[in-house]
Amino acid sequence: MKVRISAALALLLVISACSAGSTASVSSGPDTLSVGFTAEPANFDFTRTDGSAIPQALLYNVYEGLVKLDPGGKIVPLLAKSWTVSEDRRTYDFQLQPGVRFSNGAPFTAADVKFSIDRVKTGWTISIKSKMDVVDHVEVVDPLHARVVLTKPSNGWLFDMTGRVGAMFSPTGVADLANTPVGTGPYEVQSRRRGDSIVLRANPAYWGRQPAYRTVILKYIKDPTALNNALLSNGIDVIAQISAPDSIPQFENDNRFTVLQGTTNGEVVLSFNGAKAPFTDARVRRALTLAVDRKALLDTAWAGRGTVLGSMVPPTDPWYEDLSGYYPHDPARARALLAEAGQPNLSIRLRVANLPYATAAAQVVASDLADVGVHVTIEPLDFPAVWLKQVFTDHDFDASIVQHVEARDITTFGNPKYYWGYDNPQVRQLLAAADAGTPAEQVADMRQVARTITADAAADWLFLYPNVVVAKKKVTGLAANQVSESFDLTGLG
Amino acid sequence: MALAILRRVAILVISVLVASIVVFAFLAVLPGDPAQVALGINATPELLARTRADFGLDRPLVEQYLSWMGGVLHGDFGRSYVTGEAIGPQLADRLGVTLWLVGAGMLVAVVLAVPFGALAAMWHRRFGGTAISGLSQLGVAVPAFLAGILLVQVFAVQLRWLPSGGWTPPDQGAGEFLRGLILPALSLGIVQGAVLTRYVRSAVLDTLGQDYLRTARSKGLRPYPALMRHGMRNSAVPVVTVLGLQLATLLIGAVVVERVFVLPGLGSMLLDSVSARDLLSVQGIVLVLVVAVLVVNFVVDLLYVVIDPRLRTAR
């Protein structure tokens, strides 16, 4: 009998010994920084796995593109020293940084630019690859000069090059992207422990300025309270983005920390199913927009953190203008419009993502709409799985609340098949003209798009999700805005 | 004896099979398409169809189940839809963390419950006994996550003596490993210890009323040594039974505690996999948990025989 018990114990020991994982230990010192995030990358391969977590960790830090987006939303040079655009706006000539090497030692040249851009079309599997469809071909003019020729003029293309589709790869470094990223950036991946952390270490052969922190530990803590506690108890140095606004004052009132509040690309939208009655009637959409007091909603649902918007444009886009006063809170006018549209006793299903900001906002929306005689049934849906299936794919909803985080996603209003079912040929035409035009024309046309969808009340833009970064006082150089796909570690001091 | 073990092994195999079918069926009807979740908000219908085919989701359910089960029997749990990695090694890795947590929680529970339970029984007509019973009542009512949050607030956030969470494997520094294990083990163990204290108390009370203990006392032994020498083994049988049953509760408690303390165990893997509709991972985790509970029951059965020699002949 004793033998059997010790066998069982031995089994338990063997199993527990398996936890001796594959990671090296990290010594914490003055040149080590740990940053806490909520969403963990599934793997390191953003060419085959979607989601924001992988580029957040790797872009600009491990991988670099020809251009990058600065915290103000401006396109600036990175691996390209400079570039010119031809008269017909179809040909881009990039002059590359000399002396750049990948972390596996291979030199970075124009051939790698061609390889990387071509590979998006052939090797990538996620849908974002379609952003490269506009590329006709890439020419290697000389090792430090790459020419990209588009099939038609596209301002959107250069902007997209600041994101993950623009990341530069080496033909000698793509064998095992899921586990071994090879880029030209200031950091390399040292190790990872799934469910816990990723460790980045400075690339000693980096072509640019060496980063201030030799080792950066990216800690993944899903629970917002646990994330806050980690900072409060010295477990981490920075929280990349606070997701519980009520917890911000405890950091503001503690002189150990710096709190930065900026903007994101995340518009929290009350969307209407524009392809379905009664939302095919613009009067109904306008009435609902007038009925919701967005300033009060932001105060109630998100502790006043965030920005009230009037359209699908964050302040960091060049064509931003303040349209938040376009539909002032006016319940009387809302009631009149509903009566005019023959909908004095409207009942709608509000199917929202079961995320804190959405369920909190839904309560306020329901109560505001009740004031104008609209009965709202709130149905929280498991996000992402159920929401994606029922609302996004099957269009089974009257109204919904979800955050749209993609940069410049105002273009979705040019897609009549998108889940908000907004079909306006004029908007499509303006979007196309903006993409093809000069920068000045682009700004003018995009402004027109924003004004048009606002006038149409194509959706009700409740607020822009705030970016709140909290860090220990010693950490400097953090950006308040989160507008690129990267959590950029390169500017830290 | 051999027959009894054989019977238990057969029950174990059937239970695992039934559990695997139930888990598979539940996940199959769960709303949400794994391919859609993996591809996100930009997915085109063509890409969705291709991904579903890559995952094997377009095959009949029976075929999907059989190929999964066939793999598991060969030790292959498949590849995660989300990470693309083999699930088996990941499971072993996570199970290791959970076992440390459950083991340490159990240790805390026993260390608390045995002396306090015995004292509560011996003092059951005095104030001390009532106080212990009252405290254990309070402990039973506190959920493990609440205990965890309170412990973190006091010992990590306010005093900063211990980390608020995170995991250091034992081979990468025993000190850090133990420091990280203390608070989770306490939050899991205090609650279970409170439950267990009540069982120990009633088991010891029961023993105290037995004739052989009265005999021991009449020979001149003082109450405490008498209980230690003659009563503890007899009290242990019901306590071990409860301990076995509680282990299943501990595993569930561990799921929550892992979340509070950010431990990369099976529980946090389960929650992540469910929300990502990583069905193969969920199936694998649940199967491992079912097997773990069954193995515990098996071990408890064996322990009876060790504790109480009379049961050896009875079987």
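The sections below set out a description of the structure shown in this document. Predicted model only: the values in this text are computed from it and were never measured. (Residues numbered from 1 in each chain as written. Chains lettered and ligands numbered in written order. Predicted model: local features only at pLDDT ≥ 70, side-chain atom pairs only at ≥ 80, totals over all residues. Heavy atoms only, no water.)

1. Structural notes on the packing of aromatic side chains
Residues and elements named next belong to chain A. Where we set the bar: Ring pairs are drawn from Phe, Tyr and Trp, using the six-membered ring of Trp, whenever the two centres fall within 6.5 Å, and their geometry is named by plane angle: stacked under 30 degrees, edge-to-face over 60, tilted for the rest. Residue exposure (1.4 Å probe, protein chains only): buried if accessible area is under 20% of the type maximum, exposed if over 50%, otherwise partly exposed. Counting from the N terminus, the helices are DSSP H or I runs at least four residues long and the strands are E runs at least two residues long. A ring is scored as having a charge over it whenever the NZ atom of a lysine or the CZ atom of an arginine sits within 6 Å of its centre and within 35 degrees of its normal.
If you walk through the whole model with that rule in mind, you get 37 aromatic pairs over all chains. Ring plane angle 15 degrees and centroid distance 6.2 Å describe the contact between Tyr-92 and Phe-94, whose orientation is recorded as stacked. The pair formed by Tyr-92 and Phe-94 is uniform in burial state, with each residue classed as buried. Centroid distance Trp-302 to Tyr-465: 5.6 Å. Interplanar angle 40 degrees. Geometry classified as tilted. With a gap of 163 residues between them, Trp-302 in helix H8 (residues 294–302) and Tyr-465 in strand S16 (residues 459–472) connect regions that are remote in the sequence. Of the two residues, Trp-302 and Tyr-465, neither departs from the other in class, the shared state being buried. Among the aromatic side chains, those forming a connected cluster through ring pairs are Phe-383, Trp-387, Phe-392, Phe-397, Phe-413, Tyr-418, Tyr-419, Trp-420, Tyr-422 and Trp-461. Here the basic side chain of Arg-192 rests over the ring of Phe-44, its NZ or CZ set 5.2 Å away from the ring centre.

2. Observations concerning the side chain of Asp160(A)
All names here are of chain A. What counts, and what does not: Whether two residues are in contact is decided by their heavy atoms: any pair within 4.5 Å suffices.
Note on placement: Asp-160 falls in helix H4 (residues 155–160). On the basis of relative accessibility, which here comes to 19%, the residue Asp-160 falls in the buried class. In this structure, Asp-160 is in contact with Lys-131, Val-165 and Gly-166, ignoring residues within four places of it in sequence.

3. What about the interface of chain A and chain B?
Heads up, the rule is: Accessible surface is computed with a 1.4 Å probe, and the buried area is the amount of it that two parts give up when combined, taken over both parts together. We count a salt bridge whenever a side-chain nitrogen from Lys or Arg sits within 4 Å of a carboxyl oxygen from Asp or Glu. Any pair of nitrogen or oxygen atoms within 3.5 Å is treated as a polar contact; in protein, a donor-acceptor pairing is required on top of that, and neighbouring residues in sequence qualify only through side-chain atoms on both sides.
Across the contact, 50 residues belong to chain A and 49 residues belong to chain B. Carbon and sulfur atoms supply 59% of the area that chain A and chain B bury against each other, a total of about 4,100 Å² over both sides. At the boundary of chain A and chain B, one finds three salt bridges. Asp272(B) is the salt-bridge partner of Lys222(A), the closest N and O atoms lying 3.0 Å from each other. Counting across the chain A and chain B interface gives nine residue pairs in polar contact (both at pLDDT 80 or more). When contributions to the side of chain A that touches chain B are tallied by element, the ones reaching two or more residues are helix H1 (2–17), strand S10 (215–220), helix H5 (224–232) and helix H11 (385–393) of chain A.

4. Observations concerning the pairing of S10(A)
Residues and elements named next belong to chain A. Condition: For two strands to be treated as a pair, DSSP must find at least two bridges joining them.
Counting buried residues along S10, six of its six residues qualify, which places the element largely inside the surrounding structure. Neither face of S10 is left uncovered, since the one carrying Thr-215, Ile-217 and Lys-219 and the one carrying Val-216, Leu-218 and Tyr-220 both have all their residues buried. Note that strand S1 (residues 32–37) and S10 share six bridges and pair parallel. Bridged to Phe-37 within S10 is Tyr-220.

5. Concerning the packing of helix H5 (residues 87–122) of chain B against helix H11 (residues 266–275) of chain B
Residue and element names in this part refer to chain B. How we decide: Here an axis means a line fitted to C-alpha atoms, over the contact stretch when the element is a helix, while the angle between two N-to-C directions is reported on a 0 to 180 degree scale. Orientation labels follow simple angle bins: below 35 degrees gives roughly parallel, above 145 gives roughly antiparallel, 65 to 115 gives roughly perpendicular, and whatever is left gives oblique. Under the scheme applied here, ten amino acids are nonpolar (Ala, Val, Leu, Ile, Met, Phe, Trp, Tyr, Cys and Pro), four are charged (Asp, Glu, Lys and Arg), and all others, including Gly, are polar.
It is the contact of H5 with H11, at a shortest axis distance of 7 Å, that shows an interaxial angle of 130 degrees. Relative to H11, H5 is oriented oblique. Between H5 and H11, the residues in contact are Gln-90, Leu-91, Arg-94, Leu-95 and Thr-98 and Leu-266, Gly-267, Ser-268 and Met-269, respectively. Of the residues in the contact of H5 with H11, the class split is four nonpolar, four polar and one charged.

6. So, the nonpolar core
All names here are of chain A. Cut-off, in case you're wondering: Grouping buried Ala, Val, Leu, Ile, Met, Phe, Trp, Tyr and Cys residues that are joined through side-chain atoms within 4.5 Å yields what is termed a nonpolar core.
Among the nonpolar cores identified, the biggest contains 73 residues, and Ile-401 and Leu-462 are the most heavily contacted of them. Contact partners of Leu-462, with chain neighbours within four places excluded, come to Val-268, Leu-270, Val-292, Arg-294, Leu-297, Val-308, Ala-361, Val-365 and Ile-401. Ranked by size, the runner-up nonpolar core spans 69 residues in total, among them Leu-78, Phe-159, Val-189 and Ala-471.

7. Regarding the sheet that holds strand S6 (residues 135–142) of chain A
Residues and elements named next belong to chain A. Here four strands make up an open sheet; going across it, the order is S4-S5-S7-S6 and the pairing antiparallel. Looking at strand neighbours, the two that pair on one side only are strand S4 (80–85) and S6, the edges of this open sheet. Going across the sheet, the axis of each strand differs from the next one's by a mean of 20 degrees, ignoring polarity. Against the sheet, helix H3 (residues 110–123) engages strand S5 (91–96), S6 and strand S7 (145–150), with an angle of about 165 degrees to S6.

8. Here we look at the pattern of salt bridges
Taken as a whole and judged by the stated rule, the model has 35 salt bridges over all chains. Glu139(A) is the salt-bridge partner of Arg147(A), the closest N and O atoms lying 3.4 Å from each other. In this structure Arg147(A) comes out as partly exposed when scored by relative accessible area, which is 26%. As a salt-bridge pair, Asp33(B) and Arg52(B) come within 2.8 Å of each other at their nearest N and O atoms. With Asp33(B) in the loop between helix H1 (2–29) and helix H2 (34–39) and Arg52(B) in helix H3 (residues 45–55), this pair connects stretches of sequence that are 19 residues apart. In this structure Arg52(B) comes out as partly exposed when scored by relative accessible area, which is 28%. Connected via shared salt-bridge partners are Arg349(A), Arg351(A), Glu379(A) and Asp396(A).

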